[in-house]
Amino acid sequence: EQIKNKEFKKTYLAIVDGIIEKDKGIYKDKLKKLSNGNTIVAKDGKESVLEYEVIKRNKEKNKTLVKINLKTGRHHQIRVQFATRNHPLAGDQRYGKADKTQIALYAYKLEFIHPTTKEKLSFELLPQKTGHWTDFTM
């Protein structure tokens with residue numbers, strides 16, 4: 001019920017290839033899921049909105065760590081919206097570079113209202129220091 005009413009909140013961390021210059025922004029696109037499982041930007045797609053904030057930039061590795069709040073929840077939304085702006089997620093073999101590393105996308109924070117006590121609950125856990133996550137200190 002809370003997911004349907006947009007009261008359940010998931011916040012993501014992602015590492016993207018390249019340096020994002022703007023400290024924060026909003027991506028708005030129309031996304032369409034294809035029969036082959038891919039998602040594309042298309043005029044007849046569904047509205048897709050996310051907000052991002054740059055946490056850190058690693059110019060030596062040419063990567064950016066971002067925090068993401070989805071306003072809509074479309075298939076592969078985060079992956080497609082960053083990839084179409086030439087910042088594919090690190091390790092994304094479908095929409096980014098063909099490498100064999102784990103994709104650097106992590107839902108690190110969950111927030112929701114307890115169904116009986118009505119207390120707001122919040123849980124956070126940072127990603128383990130493996131793969132691309134070793135390029136950033138958090």
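No experiment lies behind these values; they were computed from the predicted model shown.

Rules and cut-offs
- Residues numbered from 1 in each chain as written.
- Predicted model: local features only at pLDDT ≥ 70, side-chain atom pairs only at ≥ 80, totals over all residues.
- Heavy atoms only, no water.
- Helix = DSSP H or I, 4+ residues; strand = E, 2+ residues; numbered from the N terminus.
- Rg over C-alpha atoms; globule rule 2.2 N^0.38 Å.
- Salt bridge = Lys/Arg side-chain N within 4 Å of Asp/Glu carboxyl O.
- Buried < 20%, exposed > 50% of the residue type's maximum accessible area, 1.4 Å probe, protein only.
- Contact = heavy atoms within 4.5 Å.
- Phe/Tyr/Trp six-rings, centres within 6.5 Å; stacked < 30°, edge-to-face > 60°.
- Core = buried A, V, L, I, M, F, W, Y, C linked by side-chain atoms within 4.5 Å.
- Polar contact = N/O pair within 3.5 Å; in protein donor to acceptor, adjacent residues only side chain to side chain.

Undergrad: So, the overall build of the protein chain: which residues are in play, and what are the values?
TA: Across its full length, the protein chain holds one helix and seven strands. Starting at the N terminus and walking to the C terminus, you meet the elements of the protein chain as β-β-β-β-β-α-β-β. Taken over the C-alpha trace, the protein chain has a radius of gyration of 16 Å; the compact-globule value for 138 residues is 14 Å, and the two agree within 12%. Expressed as lengths along the three principal axes of its C-alpha atoms, the size of the protein chain is roughly 50 × 40 × 30 Å.

Undergrad: Could you give me a rundown of the pattern of salt bridges, with the residues and numbers involved?
TA: Under the definition given, this model contains eleven salt bridges. A salt bridge links Glu53 to Lys67, with the shortest nitrogen-to-oxygen separation between them at 3.8 Å. With Glu53 in strand 4 (residues 46–58) and Lys67 in strand 5 (residues 63–70), this pair connects stretches of sequence that are 14 residues apart. Across the pair Asp92 and Arg79 runs a salt bridge whose closest N-O atoms are separated by 2.7 Å. Placement of Asp92 in the loop between helix 1 (77–83) and strand 6 (105–113) and of Arg79 in helix 1 is noted, with a sequence separation of 13 residues between them. For Arg79, a relative accessible area of 17% puts it in the buried group. Each of Lys61, Lys63 and Asp135 takes part in salt bridges that share partners, so that together they form one network.

Undergrad: Describe the environment of Glu47, listing the residues and the values that go with them.
TA: Of note, Glu47 is situated in strand 4. Sequence separation between Glu47 and Lys33 is 14 residues; the distance between their C-alpha atoms is 12 Å. Not counting the four nearest positions on each side in its chain, Glu47 is found in contact with Asp29, Thr72 and Arg74.

Undergrad: How would you explain the packing of aromatic side chains if you had to name every residue and give the values?
TA: Per the stated rule, a full pass over the model turns up six aromatic pairs. Judged by centre distance (5.8 Å) and plane angle (15 degrees), the ring pair of Phe8 and Phe112 falls under stacked. Here the residue Phe8 occupies a position in the segment before strand 1 (9–17), and Phe112 occupies one in strand 6, the gap between them amounting to 104 residues. Classification of Phe8 as partly exposed rests on a relative accessible area of 29%. Taking 5.9 Å as the distance between ring centres and 25 degrees as the angle between the ring planes, the aromatic pair formed by Phe112 and Phe123 counts as stacked. Here Phe112 is found in strand 6, whereas its partner Phe123 is found in strand 7 (residues 120–124), with eleven residues between them in sequence. Of the aromatic side chains, those joined through ring pairs into one cluster are Phe8, Phe112 and Phe123.

Undergrad: Before we move on, could you go through the nonpolar core and cite the residues and values that matter?
TA: In this structure, Ile20, Leu50, Tyr52, Val66, Ile68, Ile78 and Phe82 are the most contacted members of the largest nonpolar core, which totals 13 residues. Counting residues per element, the ones that place at least two in this core are strand 1, strand 4, strand 5 and helix 1. Those residues in contact with Val66 that sit more than four places away from it in its chain are Tyr12, Leu13, Ala14, Val16, Ile20, Tyr52, Glu53, Val54, Ile55 and Phe82. Grouped together as the second largest cluster of nonpolar side chains are eight residues, Leu13, Leu65, Ala90 and Tyr108 included.

Undergrad: So what's going on with the side chain of Asp92? Which residues, and what values?
TA: Looking at Asp92, the relative accessible area reads 1%, which means it is buried. There is a polar contact of 2.7 Å between the side chain of Asp92 and the side chain of Arg79. Of note is the side chain of Asp92, whose polar atom sits 3.2 Å from the backbone nitrogen of Tyr95.

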